[in-house]
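Here are the chains, one letter per residue:
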4 protein chains.
Amino acid sequence: MTSFESDYIAGAHPLVLKRLVETNLESLSGYGADIYCENAKEKIKSAVGKPDVQVEFLAGGTQTNAVVISAMLSDYEGVVAADTGHISVHEAGAIEYTGHEVLLVKEENGKIIPQELEKYLTDFYADDNHEHMTFPGMVYISHPTEYGTLYTKSELESISGICHQYEIPLFMDGARLGYGLMSKESDLSLKDIADLTDVFYIGGTKVGALCGEAVVFTKNNKPKHFLTSVKKRGALLAKGRLLGVQFDALFTDDLYYKIGRFAIDMAERMKKIFVDHGLKFYIDSPTNQQFVILDNERMKKMQERVAFSYWEKYDETHTVVRFATSWSTTEEDLKILDDVLRSTD
Amino acid sequence: MTSFESDYIAGAHPLVLKRLVETNLESLSGYGADIYCENAKEKIKSAVGKPDVQVEFLAGGTQTNAVVISAMLSDYEGVVAADTGHISVHEAGAIEYTGHEVLLVKEENGKIIPQELEKYLTDFYADDNHEHMTFPGMVYISHPTEYGTLYTKSELESISGICHQYEIPLFMDGARLGYGLMSKESDLSLKDIADLTDVFYIGGTKVGALCGEAVVFTKNNKPKHFLTSVKKRGALLAKGRLLGVQFDALFTDDLYYKIGRFAIDMAERMKKIFVDHGLKFYIDSPTNQQFVILDNERMKKMQERVAFSYWEKYDETHTVVRFATSWSTTEEDLKILDDVLRSTD
Amino acid sequence: MTSFESDYIAGAHPLVLKRLVETNLESLSGYGADIYCENAKEKIKSAVGKPDVQVEFLAGGTQTNAVVISAMLSDYEGVVAADTGHISVHEAGAIEYTGHEVLLVKEENGKIIPQELEKYLTDFYADDNHEHMTFPGMVYISHPTEYGTLYTKSELESISGICHQYEIPLFMDGARLGYGLMSKESDLSLKDIADLTDVFYIGGTKVGALCGEAVVFTKNNKPKHFLTSVKKRGALLAKGRLLGVQFDALFTDDLYYKIGRFAIDMAERMKKIFVDHGLKFYIDSPTNQQFVILDNERMKKMQERVAFSYWEKYDETHTVVRFATSWSTTEEDLKILDDVLRSTD
Amino acid sequence: MTSFESDYIAGAHPLVLKRLVETNLESLSGYGADIYCENAKEKIKSAVGKPDVQVEFLAGGTQTNAVVISAMLSDYEGVVAADTGHISVHEAGAIEYTGHEVLLVKEENGKIIPQELEKYLTDFYADDNHEHMTFPGMVYISHPTEYGTLYTKSELESISGICHQYEIPLFMDGARLGYGLMSKESDLSLKDIADLTDVFYIGGTKVGALCGEAVVFTKNNKPKHFLTSVKKRGALLAKGRLLGVQFDALFTDDLYYKIGRFAIDMAERMKKIFVDHGLKFYIDSPTNQQFVILDNERMKKMQERVAFSYWEKYDETHTVVRFATSWSTTEEDLKILDDVLRSTD
């Protein structure tokens, strides 16, 4: 069935898979000590435009959030996140499992509001009892957010400035970073992100890889013996090549950007189809995830022919659903979506 | 360079990779809710010969040990292991990270001695202060062990009987299970293992997959909401298909057994080469890992032409090293090894 | 200096201390296996009016919350609390340290609103993705709350009913329970609380003891090997008698109730003094903690002569402060407070 | 019944209790911010003879071990201990609960052998795979040990030197330090201990207090925001005075030393009684704990009149038991012991 269920419904982008096939028989050392991991790191450093960043690979998004956050926080610290943040809601308590609290701040359209963050930090230190509270030790943002929205450069500068003032690192969850970078509304480059954050990751799983996220420590701040911390959390792949080869491919000939751009183009066309059929959007998303409000009866009919994701109840007779595009979205998929919408108008 | 460094130096077995390529463009739901995971589970149930076992997939060995052990232990319990066990030594404290102690018992050739286990448990409950100690809540064994050795059916029955008597589950780490099953010295079938253990896993990473381990809960004892526990530990892959497709391939046409058998055959031939050159074995291993004692000078010369693993210091002038075979070991590899040994005799 | 800073500014109630002195030289077994712990448990069972409850002693409030919650939750569960709850704010992430998430629901005057709780639970199970989220596995309420307010019997019945419907235990933090029971506005008896909750504790530290909280498991639901779980968390006192003797004293001749009643009476008189001087209350509290809004200049002057607690900023020129009474509050203290207010009117 | 069961069978030393009574009605701030905690810290600094050490109070031994070790270790580190160490055996996995491994080294009479420690550390760093293992990040010793034995100054210097060489802190569990300091065989002063360790604690619970241990950070190395880490572990007493007043008393007029000396004297006399009756010692202990081997029948008869502790099975017909003295041991107790032994000779 035609599916817009997520951006991880297909396997790997064909060029990524091709490299896995081509390199399959080579004998390589394990645990990331192979030439492809090395190459991928160098290519990512070039793409970031900062030769001194440190790059490490992990397998998935929740894993990356938990490993990075827990390895960077001090004992008495927690991580500040939007109350809609992935780590706040949809990771089954993975951060808390590492012994650290997620401290919630108000958001707007999935984004932390700089003023709210500043207020949170100011209030914390003004409180006479703050030594009985979890210290804010890091700020977590996702870009694009869980709602497909983007921080502007100005907003990111504000948040970065606040973090700098309070001397806490800023961590960007870039599980869908490729779509953020290629969005027509984005004014942030990879270098901007490296300049303004202390650590971020370039998502692979949702942008063309079978699995894999590339963590970038931007301020020579990779935790000491990070490999051991990764191993301790059960997150070290024996065949580290699986990650290295894929990121090597993704950062060869701008493939990562091309995948992002393609999915954005398909999303733009999908948006137009929704508009043409008079559908309302739940939120204005400039990336590959689109959230539309469907009448429940129509939704049921549509589900017989196309797959998409339940997001949340809108009201008694309507539901918010998500349609996502990716490198695997086809012209045919869009045509079928258009047909289905027409037949259910 | 020719490498016997480990059984995870190559990518996936070609038939496994072929299936990844063939299924790559199919649209599938995430997180293991796809047809290939389903198929693989059914095939594993057939291979095990017990239709009522429960099968779940995880990405790597340390991860599997940590997830299974921590999800099955009660708060006041730890896991009993040989003091040479992988969880005792080479997992960077991954079990302790979950808040549980590894309780050590003496071993012989990497195997828990049933009498020592029984003594441990008897002594524990005889101790007036045992409520101030970690309760033994599970027994962990690896098969093959970290030294390539195997439990006999009789030994496994003894250990299983002791666990049954004390009402604690027996967990088998089968990271290299394929080599155990196909060893000429093994008298244990997959069904025997399912009968005698409470949970075990069928290792994929070291037996032909890019990554992946198949956990088998044999007594309808999969922890409640296991998927949430997996997610909470950052161990849930978005593209669960990566694991499903690979295990589907490994359990099609007996591929898993064929890989195991091939590596065993190559190991037998490798052993003969070592014997022919008068090398001494550190331990008598009937599986794909061979531990030989090398004179340090010879070792250095050999390292220029073939790769193998440092294991431990033997004495001032000798070192124990490991040579491993796998599906990717070739005739040519063995020939080169023979040549290298001849030239360093 | 005269102090209303908290209800733990003095040592133990004289009758409690007297018993510690009287029993000091007796030889008793450690870790709670002494006659005073036994007696105290029996007296608490009588006070509760339910002979089959299980009673255990711990040293402090945060410790009790962390031990009870973590020992009762399943791996995949978190605890639901008001976003003003002590465990949500002022315990430095003690619950998260045990690997469990605190799930926040809206409150009013420090109390969980039953409708909000029901909505939270309904929404959770309605969400298609709830297996990627922390399961609500317990409800935590404090009574009196952090704002001195009380649940009515009707409210507690509602919350208890919702918990029952969803089959999750209800846990009441009774760090100040004595003041709740003796408040003129309370319609809840100790037996009601035992009937309507699954576990609660009778606070000692803040109600006349040097330290100590008595946990009451009301449904024969004390976690298995609880002593080992307590030890594992570093919460087992070698001289368990310290807790036993104190609770034995507190539950002899209704001392616990008398302490509560006395502090409530003093709080009523203190309230009248505030009213007489035209002060405004931040919240209407019927217990021993009173929250008043002070002009910042007046506050500074007052601080020279009486001690009280900063609570939070009210506006640019006003602050919310807390005054607490206890068994150690004296007539003289109230007189001084009145004088200070008069001299700063 | 006359009891030699442990050194925590009685309440507080009368002079300690007297101070609790005398200070009981004073209004003091909570959480350790009171004058008695302050005074006690100053007195301990004087006793240690190093004004720049940092002192903090905790309630019990297991708690102190868990808090100090987990707050000082880095993520990738574990703590090295004798395999008979208290943290290795009798703390129910309290260290592992904090996510850290206890790394075992061989001991002799309960003491870490310096050569074994050095070998452990050398071997660790020589191992090519050590990044897959828990890093040794601290050394834990108990003094007196769990067997009542003592490190000599020379042994402590060796261990300290090794720790210094590997740049890992040395932590001394001094739960019974008073008995160590006052043993006739000790050549270690409090200042020596402060010089040679990085952190240690002066046990109160087992040396005259109701509860309480005084942690001494000797190298200006108290973890940042330690109070928050203590709170996070549920180990912060609201009435911190309970600890401050007791240690203030213990370090007034050399009370701590007098208690130690008295118990040592009584232990010497008890030893003589055992010798006179021809009993054999399991180990030669120069402190307040004596381990003797009893014929099982005699043991049963003795238990009717005096209490002591089961330690371990010696052989089929004999048992190792422990007799402990303390400040509360009386002439009468020794006389009864002598009588009981005579009547069972």
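Residues numbered from 1 in each chain as written. Chains lettered and ligands numbered in written order. Predicted model: local features only at pLDDT ≥ 70, side-chain atom pairs only at ≥ 80, totals over all residues.

## Some details on the overall build of chain A
Moving on, step 1. When helices and strands are counted, chain A shows 14 helices and 15 strands.
Moving on, step 2. The C-alpha atoms of chain A give 21 Å as radius of gyration, which agrees with the globular expectation for 345 residues (20 Å, within 12%).
Moving on, step 3. Projected onto its principal axes, the C-alpha positions of chain A cover 60 × 60 × 35 Å.
Moving on, step 4. By the burial criterion, 60% of the 345 residues in chain A qualify as buried.
Moving on, step 5. Counting contacts in chain A only where the partners sit at least 6 residues apart, residues at least 24 apart contribute 74% of the total. (Helix = DSSP H or I, 4+ residues; strand = E, 2+ residues; numbered from the N terminus. Rg over C-alpha atoms; globule rule 2.2 N^0.38 Å. Buried ≥ 20, exposed ≤ 12 C-beta atoms within 10 Å, placed from the backbone. Contact = placed C-beta atoms within 7 Å.)

## A few points about the relation of the copies chain C and chain A
Moving on, step 1. Laying chain C over chain A is done by rotating through 180° and shifting 0.0 Å along the axis; what remains is an RMSD of 0.0 Å. On this basis, the relationship between the two copies can be described by a two-fold rotation axis.
Moving on, step 2. Taken as a fraction of all interface residues of chain C, those also at the interface in chain A reach 100%, which identifies the copy contact as same-surface. (Least-squares fit on C-alpha atoms with pLDDT ≥ 70 in both.)

## Quick notes on the domain arrangement of chain A
Residue and element names in this part refer to chain A.
Moving on, step 1. On domain assignment, one finds that chain A holds domain 1 (2-7 + 256-339) and domain 2 (25-253).
Moving on, step 2. Placing a centre on the C-alpha atoms of domain 1 and another on those of domain 2 gives a separation of 27 Å.
Moving on, step 3. Between domain 1 and domain 2, the contact holds 17 residues from the first and 20 residues from the second.
Moving on, step 4. For the side of domain 1 that touches domain 2, the secondary-structure elements that each account for two or more residues are helix H12 (255-276) and strand E12 (289-295).
Moving on, step 5. Ranked by the residues each element gives to the side of domain 1 that touches domain 2, the list is headed by H12, at seven residues.
Moving on, step 6. Here the side of domain 1 that touches domain 2 is composed, by residue class, of nine nonpolar, six polar and two charged. (Domains from an automatic or database assignment. Nonpolar A, V, L, I, M, F, W, Y, C, P; charged D, E, K, R; others polar.)

## Quick notes on the interface of chain B and chain A
Interfaces are frequently sized by the accessible area removed from exposure as the parts join.
Moving on, step 1. Taken residue by residue, the interface counts 45 residues in chain B and 45 residues in chain A.
Moving on, step 2. Counting residues per element, the ones that place at least two in the side of chain B that touches chain A are helix H1 (14-22), helix H3 (61-72), helix H5 (94-97), helix H10 (226-232) and helix H11 (241-250) of chain B.
Moving on, step 3. Element by element, the count of residues in the side of chain B that touches chain A is highest for H3 of chain B, at four residues.
Moving on, step 4. Split by residue class, the side of chain B that touches chain A holds 22 nonpolar, 16 polar and seven charged.

## Things to note about the relation of the copies chain B and chain A
Moving on, step 1. With an axial shift of 0.0 Å and an RMSD of 0.0 Å, the rotation relating chain B to chain A amounts to 180°.
Moving on, step 2. An overlap of 100% is found between the interface residues of chain B and their copies at the interface of chain A, pointing to a shared contact surface.

## Things to note about the pairing of strand E8 (residues 170-173) of chain B
Each regular strand shows side chains that alternate between the opposite faces of the sheet.
Residue and element names in this part refer to chain B.
Moving on, step 1. Burial along E8 is two-sided: the face carrying Leu170 and Met172 and the face carrying Phe171 and Asp173 are both buried.
Moving on, step 2. Where the polypeptide runs from strand E7 (residues 135-142) across helix H7 (residues 153-166) and back to E8, its parallel neighbour, the crossover connection is right-handed.
Moving on, step 3. Of the pairings in the sheet, the one linking E8 to strand E9 (residues 199-203) comprises two bridges and is parallel in character. Within the sheet, the bridge partner assigned to Met172 lies in E9 and is Phe200. (Right-handed = clockwise from strand over helix to strand, strands pointing away. Pairing = 2+ DSSP bridges.)

## Notes on the interface of chain C and chain A
Moving on, step 1. With 19 residues of chain C at the contact, the number on the chain A side is 19 residues.
Moving on, step 2. At the level of elements, helix H5 (94-97) and strand E14 (309-315) of chain C are the ones that each hand at least two residues to the side of chain C that touches chain A.
Moving on, step 3. Of the residues that constitute the side of chain C that touches chain A, the class distribution is seven nonpolar, eight polar and four charged.

## Focus on the environment of Lys153 of chain D
All names here are of chain D.
Moving on, step 1. You can see Lys153 is positioned in helix H7 (residues 153-166).
Moving on, step 2. With 15 C-beta atoms packed within 10 Å, Lys153 lands in the partly exposed category.
Moving on, step 3. Counting along the chain gives 36 residues from Lys153 to Ser189, while the straight-line C-alpha distance between them is 9.0 Å.
Moving on, step 4. Once residues within four sequence positions are removed from consideration, Lys153 is found in contact with Asp187, Leu188 and Asp192.

## Thoughts on the nonpolar core
Moving on, step 1. Ranked by internal contacts, the top residues of the largest apolar core, which has 229 residues, are Val139 and Val216 of chain C together with Val139 and Val216 of chain D.
Moving on, step 2. Excluding residues that lie within four positions of it along the chain, Val139 of chain D makes contacts with Val80, Leu117, Ile159, Cys163, Ile168, Leu170 and Phe171 of chain D.
Moving on, step 3. Residues Val48, Leu170, Ala235 and Ala324 of chain A belong to the second largest nonpolar core, which totals 227 residues. (Core = buried A, V, L, I, M, F, W, Y, C linked by C-beta atoms within 7 Å.)

## So, the sheet that holds strand E14 (residues 309-315) of chain A
All names here are of chain A.
Moving on, step 1. The strand order across the open sheet built from four strands is E11-E12-E15-E14, with neighbouring strands paired in antiparallel fashion. Unpaired on one side and paired on the other, strand E11 (280-281) and E14 mark the two borders of the sheet.
Moving on, step 2. Summarising the sheet, E14 and strand E15 (residues 318-324) pair through five bridges and their orientation is antiparallel. Bridged to Tyr310 within E15 is Val321.
Moving on, step 3. Of the strands in this sheet, E12 and E15 are in contact with H12, which crosses E12 at around 20°. (Axes fitted to C-alpha atoms, helices over the stretch in contact; angles between N-to-C directions.)

## Here's the deal with the sheet that holds strand E10 (residues 213-217) of chain B
Residue and element names in this part refer to chain B.
Moving on, step 1. Strand order in the open sheet formed by seven strands is E2-E10-E9-E8-E7-E3-E4, with mixed pairing between adjacent strands. Strands with a single pairing partner mark the edges of an open sheet, and in this sheet they are strand E2 (54-58) and strand E4 (102-105). Taking each pair of neighbouring strands and ignoring which way they run, the sheet shows an average axis angle of 25°.
Moving on, step 2. On the sheet, helix H2 (residues 35-48) packs against E2, E9 and E10 and is oriented at approximately 125° with respect to E2.

## Quick look at the confidence of the model for chain A
Keep in mind that low pLDDT regions are not for reading the predicted coordinates in detail.
Moving on, step 1. Scored by pLDDT, chain A has a mean of 97; 100% of the residues are at 70 or more.
Moving on, step 2. In the model output, the complex is listed with pTM 0.97 alongside ipTM 0.97. (pLDDT = per-residue confidence, 0-100.)

## A short note on the packing of helix H6 (residues 114-126) of chain D against H7 of chain D
Residue and element names in this part refer to chain D.
Moving on, step 1. Here H6 crosses H7 at 10°, and the two axes come no closer than 9 Å. Viewed along their axes, H6 and H7 adopt a mutual orientation that is roughly parallel. In this structure, H6 uses Pro114, Leu117, Glu118 and Leu121 to contact H7, whose residues at the interface are Glu155, Ser158, Ile159, Ile162 and Tyr166.
Moving on, step 2. Among the residues forming the contact of H6 with H7, the class breakdown is six nonpolar, one polar and two charged. (Parallel < 35°, antiparallel > 145°, perpendicular 65-115°, else oblique.)

## Considerations on the pairing of strand E15 (residues 318-324) of chain D
All names here are of chain D.
Moving on, step 1. In the sheet, strand E12 (residues 289-295) pairs with E15 via seven bridges, with the strands oriented antiparallel. Pairing of Gln290 across the sheet is with Phe323, part of E15.
Moving on, step 2. Counting the residues in the hairpin turn of strand E14 (residues 309-315) and E15 gives two residues.

## Some points on the environment of Val320 of chain D
Residue and element names in this part refer to chain D.
Moving on, step 1. Relative to the elements of secondary structure, Val320 occurs in strand E15.
Moving on, step 2. Taking the C-alpha atoms as reference points, Val320 and Ala82, 238 residues apart in sequence, are found 20 Å from one another.
Moving on, step 3. Apart from residues no more than four positions distant in its own chain, Val320 is found in contact with Tyr282, Phe291, Ile293, Trp311, Glu312 and Tyr314.

## Considerations on helix H3 (residues 61-72) of chain A
Moving on, step 1. When the terminal C-alpha atoms of H3 of chain A are compared, their 16 Å separation across 12 residues agrees well with the 16 Å that a helix rising 1.5 Å per residue should span.
Moving on, step 2. When we look at burial in H3 of chain A, the residues that qualify are Gly61, Thr62, Gln63, Thr64, Asn65, Ala66, Val67, Val68, Ile69, Ser70, Ala71 and Met72 of chain A. (Expected span 1.5 Å × (residues − 1).)

## Concerning unusual backbone geometry
Moving on, step 1. A cis amide bond links His143 of chain A with the next residue in sequence, Pro144 of chain A, at an omega value of -5°.
Moving on, step 2. With respect to the element layout, Pro144 of chain A can be found in the loop between strand E7 (135-142) and helix H7 (153-166).
Moving on, step 3. At Tyr31 of chain A, a residue that is not glycine, the phi angle is positive and equals roughly 60°.
Moving on, step 4. Among the secondary structure elements, Tyr31 of chain A is positioned in the loop between helix H1 (14-22) and helix H2 (35-48).
Moving on, step 5. Of note, Ala92 of chain D is a non-glycine position whose phi angle comes to about 55°, a positive value.

## Some points on the environment of Gly208 of chain B
All names here are of chain B.
Moving on, step 1. Looking at the secondary structure, you find Gly208 in the loop between E9 and E10.
Moving on, step 2. Given 32 C-beta atoms within 10 Å, Gly208 falls into the buried group.
Moving on, step 3. Considered as a pair, Gly208 and Lys219 are 11 residues apart in the sequence and their alpha carbons are 27 Å apart.
Moving on, step 4. The contacts of Gly208, once residues within four sequence positions are left out, are Ala12, His13, Val16, Leu250, Ile259 and Trp327.

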